[in-house]
Amino acid sequence: MLVIGGGVIGLAVAWRTARRGARNVIVVDPAHGGGAAGVAAGMLAPVTELQYGEEPLLRLGMASNERYEAFAAELSEASGGLDTGYRRCGTIAVALDSDDREELRELYAFHQRLGLDSTWLTGREARRLEPMLAPAVRGALHAADDHQVDPRRLLTALVAACGRAGVLLHRAEAVELLVEDGRATGARLSTDETVTADQVVLAAGPHSHRLPGLPEGVLPAIRPVKGQVLRLHVPEAYRPFLSRNVRAVVRGRHLYLVPRENGELVVGATTEEQGYDTTVTAGGVYELLRDAHELVPGITELPLRETSAGLRPGSPDNAPLLGPTPLPGLVASTGHYRNGVLLTPVTADLVSEYLVTGEVPELARPFTPTRFSSESPVAKASA
Ligand code: GLY
């Protein structure tokens, strides 16, 4: 089996499939363990990141969230004891002005209709939980089951676990998909080598649909959506600065702060559709700091350690593409948009299940890569 793309999704699928007995699993990537997850904050927030009209995605996100603790423990053991930074901390979503409060109240009402675990808090109650929040905070909701993981540690653990499970991590770029008699048979690499495989998994994020050799119409375009992120450090003397993930609507703009036990504080993220550019801009950093400062004024005292930008892979409906494509032998595992880190455990389970048994699991069916074609029952049902 050949996996094209060694980001968090490709590595997790390879590891899980090898654990289920698959032999000769190869992952090709010029830099394994990179991609959007290396920039991401690692908030596992299916409840507080819920968007209207995305209920099937909510089910997938909740299923993944429920699997996370066991997945992290298994990965830690399989990687020889590496910690993924998984932490059950909960999330508070806060509103700064009365319009923000209105927006958050609507989200809260939506949670109640769906029976999700979220609790409404006044500004005062929110500050009791997180005393560093600005006195201006007008209201909040607490989602006790939205947690966090450290995506960089997760990637390191996946690389190690793949190695220990016998997965070959080959440093090269796939430059052409090989197709013979209407079936994907492998890839030609930047090293001029050819890898042949009975199944090819495409997990190349926003580059997936651009792979030369991919027949037209097999995959929709996966658009790159840039996110700029800051990493600050909370010195020992200031801890706990924040105790849980903080999401916020600040005058209509969305922001989040993810505090780790080691003092790292991640602030994210911008949402920009400007092609494949990953430049960190003064404007992006300014926007994040301005909003974070309004929300948590003490933040400007903290050392700023890193700025970075990554590309979220956005499918046409912002949900992932999981399972067989119209090209026999080619399996998709891409298009996870804002949810790649959250959806890693469930994606690895569902795609490896398909690879090993040939059956698409029930939970994966709404995410078939063929759903955008006019012939698809999913497309017809939603038309
Ligand atoms: N899930 C957080 C983001 O995409 O910014």
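See the structure printed just above.
Definitions and limits used
Per chain, residue numbering runs from 1 following the sequence as it is written. With pLDDT at 70 or above as the cut-off, local features in this predicted model cover only qualifying residues; side-chain atom pairs require 80 or more to be listed or tallied, and sums for whole chains, interfaces and linings still use all residues. Remark: hydrogens and water are excluded; side-chain values derive from all non-hydrogen atoms of the structure. We treat two strands as partners when DSSP finds at least two bridges between them. In this text, helices come from DSSP runs of H or I with a minimum length of four residues, and strands from runs of E with a minimum of two, each type numbered from the N-terminal end. Convention adopted: a line fitted to C-alpha atoms gives each axis, helices being fitted over their contacting stretch, and angles between N-to-C directions are expressed from 0 to 180 degrees. The term salt bridge refers to a side-chain nitrogen of Lys or Arg lying within 4 Å of a carboxyl oxygen of Asp or Glu. Burial classes: relative accessible area under 20% of the type maximum marks a residue as buried, over 50% as exposed, and values in between as partly exposed (1.4 Å probe, protein chains only). The definition of a nonpolar core used throughout is a set of buried Ala, Val, Leu, Ile, Met, Phe, Trp, Tyr and Cys residues joined through side-chain atoms within 4.5 Å. Contacts: residue pairs with any heavy atoms within 4.5 Å of one another. Any residue with a heavy atom positioned within 4 Å of a molecule or strand is treated as near that molecule or strand. By the criterion applied in these results, polar contacts are pairs of N or O atoms within 3.5 Å in which, for protein atoms, one can donate a hydrogen and the other can accept it, and in which residues neighboring in sequence qualify only through two side-chain atoms. Surface accessibility in these figures is a Shrake-Rupley result with a 1.4 Å probe; residues are shielded only by whichever protein chains are displayed. Any residue outside Ala, Val, Leu, Ile, Met, Phe, Trp, Tyr, Cys, Pro, Asp, Glu, Lys and Arg is labelled polar, Gly included; the first ten of those are nonpolar and the last four are charged. Convention used here: angles under 35 degrees read as roughly parallel, angles over 145 as roughly antiparallel, angles from 65 to 115 as roughly perpendicular, and any remaining angle as oblique. Multiplying 1.5 Å by the helix residue count minus one yields the expected span of that helix. The directions from the helix axis to the C-beta atoms form the arc being described.

1. Observations concerning the sheet that holds strand β4 (residues 91–95)
Thinking step 1. As summarised here, the arrangement of the eight strands in space is β5-β6-β4-β14-β15-β16-β13-β17, forming an open sheet in which the pairing is mixed. Unpaired on one side and paired on the other, β5 (119–122) and β17 (304–314) mark the two borders of the sheet. On average, adjacent strands in this sheet sit at an angle of 20 degrees to one another, irrespective of strand direction.
Thinking step 2. Where strand β15 (residues 253–259) lies against strand β16 (residues 264–268), four bridges are found, and the strand directions are antiparallel. Its bridge partner lying in β16, L257 is registered against V267.

2. Quick notes on the pattern of salt bridges
Thinking step 1. With the rule as written, the count across this model stands at 23 salt bridges.
Thinking step 2. Of the charged contacts in the structure, one is a salt bridge between R231 and E264, with a shortest N-O distance of 3.5 Å. Taken together, the positions of R231 in strand β13 (residues 223–233) and E264 in strand β16 put the pair 33 residues apart, joining distant regions of the chain.
Thinking step 3. Among the residues examined, R231 registers a relative accessible area of 2% and is labelled buried.

3. A few points about the nonpolar core
Across soluble globular proteins, nonpolar side chains have a tendency to be buried as a group.
Thinking step 1. If you look at the biggest cluster of nonpolar residues, it comprises 47 residues, and the most contacted ones within it are W15, L75, L154 and L158.
Thinking step 2. Residue assignment for this core shows that the elements contributing at least two residues are α1 (8–19), α2 (55–78), α5 (151–164) and α7 (344–357).
Thinking step 3. Every residue in contact with L154, bar those within four places of it in the chain, is listed here: V8, Y68, F71, L75, T84, V149 and V341.

4. Notes on the site of the ligand
Thinking step 1. In the vicinity of the ligand, the contacting residues are E49, Y256, A269, R312 and R338.
Thinking step 2. Here an oxygen atom of the ligand sits 2.7 Å away from a polar atom, N or O, in the side chain of R312.
Thinking step 3. Here a nitrogen atom of the ligand and a backbone polar atom of R338 are 2.8 Å apart.
Thinking step 4. Bound to the protein, the ligand loses 87% of the 200 Å² it would expose on its own.
Thinking step 5. When grouped by side-chain class, the residues that make up the shell around the ligand number two nonpolar, no polar and three charged.

5. Topic: the side chain of N65
Thinking step 1. On the secondary structure map, N65 appears in helix α2.
Thinking step 2. Beyond its immediate sequence surroundings of up to four residues, N65 is in contact with L44, P46, D145, D146 and L342.

6. Some thoughts on the sheet that holds strand β18 (residues 321–324)
Thinking step 1. As summarised here, the arrangement of the six strands in space is β8-β2-β1-β12-β19-β18, forming an open sheet in which the pairing is mixed. Bordering the open sheet on either side are β8 (168–171) and β18, each of which pairs with just one other strand. Looking at each pair of strands side by side, their axes are set apart by 20 degrees on average, direction ignored.
Thinking step 2. Of the strand pairs in this sheet, strand β1 (residues 2–4) and strand β2 (residues 26–29) are connected by three bridges, and their pairing is parallel. Looking at β2, one finds that I4 is bridged to V28.

7. Observations concerning the packing of α1 against α2
Thinking step 1. At a minimum axis distance of 13 Å, the contact between α1 and α2 shows a crossing angle of 75 degrees. Regarding the angle of α1 to α2, the classification is roughly perpendicular. When α1 is examined against α2, the residues A12, W15, R16 and R19 are found in contact with a partner set consisting of F71, E74, L75 and A78.

8. Comments concerning α5
Thinking step 1. Between the first and last C-alpha of α5 there are 20 Å, a value that for 14 residues agrees with the 20 Å anticipated at 1.5 Å per step.
Thinking step 2. Those residues of α5 that fall on the buried side of the exposure criterion are P151, L154, L155, A157, L158, A161 and C162. Considered in projection along α5, the buried side chains sweep an arc of 165 degrees and stay on one side of the axis.
Thinking step 3. In this structure, the buried residues of α5 make contact with α1, α2 and β8.

9. So, the pairing of β13
Thinking step 1. Buried residues dominate β13, accounting for ten of its eleven residues.
Thinking step 2. In the sheet, β13 pairs with β17 via ten bridges, with the strands oriented antiparallel. From the neighbouring strand, P224 faces β17, where its bridge partner is P313.
Thinking step 3. The sheet contact formed by β13 and β16 spans five bridges and is antiparallel. Looking at the pairing, L232 lines up with L265 of β16.

10. Details of the pairing of β18
Thinking step 1. Sheet analysis places β18 next to strand β19 (residues 330–334), joined by four bridges and oriented antiparallel. Bridging across to β19, P324 finds its partner in V331.

11. Quick word on helix α6 (residues 282–295)
Thinking step 1. The end-to-end C-alpha distance of α6, which contains 14 residues, comes to 20 Å, matching closely the 20 Å that a straight helix rising 1.5 Å per residue would cover.
Thinking step 2. For α6, the full list of buried residues reads G284, V285, L288, D291, A292 and L295. Within α6, the buried residues cover an arc of 145 degrees as seen down the axis, which keeps them to one side. Residues of α6 that are exposed and point more than 90 degrees away from the buried face comprise A282 and Y286.
Thinking step 3. Next to the buried residues of α6 lie β4, β13, β14 (245–250), β15, β16 and β17.

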